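# Coordinates in review
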Amino acid sequence: MYMKRKAPFKIKVVEPIKWNTRDKREQLIKEAHYCFAYVPAEEIPVNLLTDSGTSAMSQEQWAGMMRGDESYYCASNWYNFEKAVQDYTGFKYVLPAHQGRAAEHVVCRVLIKKPGTTTYANAHFGTTEAHARLFGANPVNLPAPEALAPETAADFKGNINLEAFEKAINEKGAAMIPFLNMVLVNNFTAGQPVSMANLRAASKLARKNGIKVVVDAARVPENAYFIKEREEGYGNRSIREICHEIFSYADVMHMSAKKGALVNIGGFIATNDQSLYEEMGQWLIIFDGFLTYGGLSGRDLEAVAIGLNEGLDYDYLAYRIGQVEYLGKLMREREIPIYEPVGGHAVYVNGEKAYPHLAKEEFAAHALSVQTYIEAGVYAGENPSSLGWSRTDPETGKYTPPPFELVRFAIPRRVYTDSQLEYTADGVKAALDQGGRVRGFRFVWKPDNEFLRIFYYKLERL
Ligand SMILES: Cc1ncc(COP(=O)(O)O)c(C=O)c1O
């Protein structure tokens, strides 16, 4: 059963974990106004907040960092970086960025030319959504209907709703749609993959109407693995070939290298469109850095160049997705209500099912996140849930919570052992067993921009 999970590494360096007590954790999270942004990381023994920037790097990456060339222009590492991105995407023009959102800033700034427009996506990532708004567009998510059924498993629940997209084009008019954003895997709908067929059809529809297609590639290698395993006709194709086909449906791609490229910092943009590249490059220099480093040091560029290739290795991906599936299995065995099936980078637990006595506005998912920390010292962030993801429609003024109240147990790459996942599943079960004793929360302070509630706020117990 586990024969596919041949971990392609062994552990050479270890980072000690400091364990604390339940009383201490209860005190810490209360003092932090029930917001983990204010809890010192060393007080979180098992940190499953995110798989972003939390990967363990390989000996090749660390050795590559020693070869960092810190010249301002055209450092030797830049050429390795450029080649790695070209080989991964099939695109000619590459722009480095210090992380994903810096890349999104440039892409959105250049593609959103006028206010009052609408961008569509299978589901915008939070920072893309914020950038679209910054430049005057209204970002609208069109997830496939099956994505909204957390208990029904299907192969590609990250897909965009093609019918809804076609209807939107007809209603809004293509001239008022600066781009279609496809996020692979779809972070908002529980890390679910997008099928090649769906991406191909969405891209065809967009291009037929002159709408640019932007692929958010933060976790494309994991999406490519799912396509290889699940979609007819792809079983014999390599991960790299599948990635090339994915990017052939995009006019521009951007990637937070902090995920699939196995680094702690980095990002990039790639395209075949020379004029787009030239326009984006001029903004990149102002906001991030010159065309050959984009806010990264030479050693960071090298780590991305090596990590990107390691992240496309089939054995690594089989181990990686296998570990996420293993946590899902452990949760199911303990009758923990999870979003089915498990996605590419995380297991998502349904907060509303865990604590049915709490109303949406009492933040059930966050209550589960806090309780899991108190019981076990395991931290996973609510995502998406009513706390950080409720939005006021700028046109109608209507306040809408997201369709889910989920806690995301994101697994950092190559970091935790299976025994820590077993410990995690027990910890969630202990939090669930607290049941009706767990109270919800209300805001005592929140940042003005609704989007920033993903990151920080202050709460008190009801
Ligand atoms: C799908 C997706 N896109 C973009 C980003 C932004 O990347 P970064 O955190 O590197 O700015 C993230 C970050 O988590 C993400 O999950």
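Residues numbered from 1 in each chain as written. Predicted model: local features only at pLDDT ≥ 70, side-chain atom pairs only at ≥ 80, totals over all residues.

### Considerations on the overall build of the protein
Each helix and strand in the protein was counted, giving 16 helices and 16 strands. Relative to its length of 462 residues, the protein is compact, with a C-alpha radius of gyration of 21 Å against a globular reference of 23 Å. If one aligns the C-alpha atoms of the protein with their principal axes, the spans along those axes are about 60 × 55 × 45 Å. In the protein, of all internal contacts separated by at least 6 residues, the share reaching a separation of at least 24 is 71%. (Helix = DSSP H or I, 4+ residues; strand = E, 2+ residues; numbered from the N terminus. Rg over C-alpha atoms; globule rule 2.2 N^0.38 Å. Contact = placed C-beta atoms within 7 Å.)

### Section: the nonpolar core
Across soluble globular proteins, nonpolar side chains show a tendency to be buried alongside one another. Judged by nonpolar contacts, the single largest core of 136 residues is most densely connected at Met182 and Val349. When residues in this core are grouped by element, the largest group, 8 residues, is from helix 14 (residues 364–376). Both of domain 1 (22–51 + 313–461) and domain 2 (59–310) provide at least three residues apiece to this core. (Core = buried A, V, L, I, M, F, W, Y, C linked by C-beta atoms within 7 Å. Buried ≥ 20, exposed ≤ 12 C-beta atoms within 10 Å, placed from the backbone. Domains from an automatic or database assignment.)

### Some thoughts on the packing of helix 8 (residues 220–230) against helix 12 (residues 314–333)
Running from N to C, helix 8 and helix 12 point in directions that differ by 90°, and their axes come no closer than 10 Å. As judged from the angle between their axes, helix 8 and helix 12 are roughly perpendicular. The segment helix 8 lies against helix 12, with Pro221, Glu222 and Tyr225 engaging Leu317, Arg320 and Ile321. Across the contact of helix 8 with helix 12, the residue classes tally to 4 nonpolar, no polar and 2 charged. (Axes fitted to C-alpha atoms, helices over the stretch in contact; angles between N-to-C directions. Parallel < 35°, antiparallel > 145°, perpendicular 65-115°, else oblique. Nonpolar A, V, L, I, M, F, W, Y, C, P; charged D, E, K, R; others polar.)

### Points about the pairing of strand 3 (residues 117–121)
Regular strands place side chains that alternate from one sheet face to the opposite one. Across the 5 residues of strand 3, 4 count as buried, placing the element largely inside the fold. Two strands pair when backbone bridges link them, and strand 3 and strand 4 (residues 137–141) are joined in this way by 5 bridges, in the parallel orientation. Directly across from Tyr120, in strand 4, lies its bridge partner Val140. Once the chain exits strand 3 it traverses helix 5 (residues 126–134) before rejoining the sheet at strand 4, and the crossover so formed is right-handed. (Pairing = 2+ DSSP bridges. Right-handed = clockwise from strand over helix to strand, strands pointing away.)

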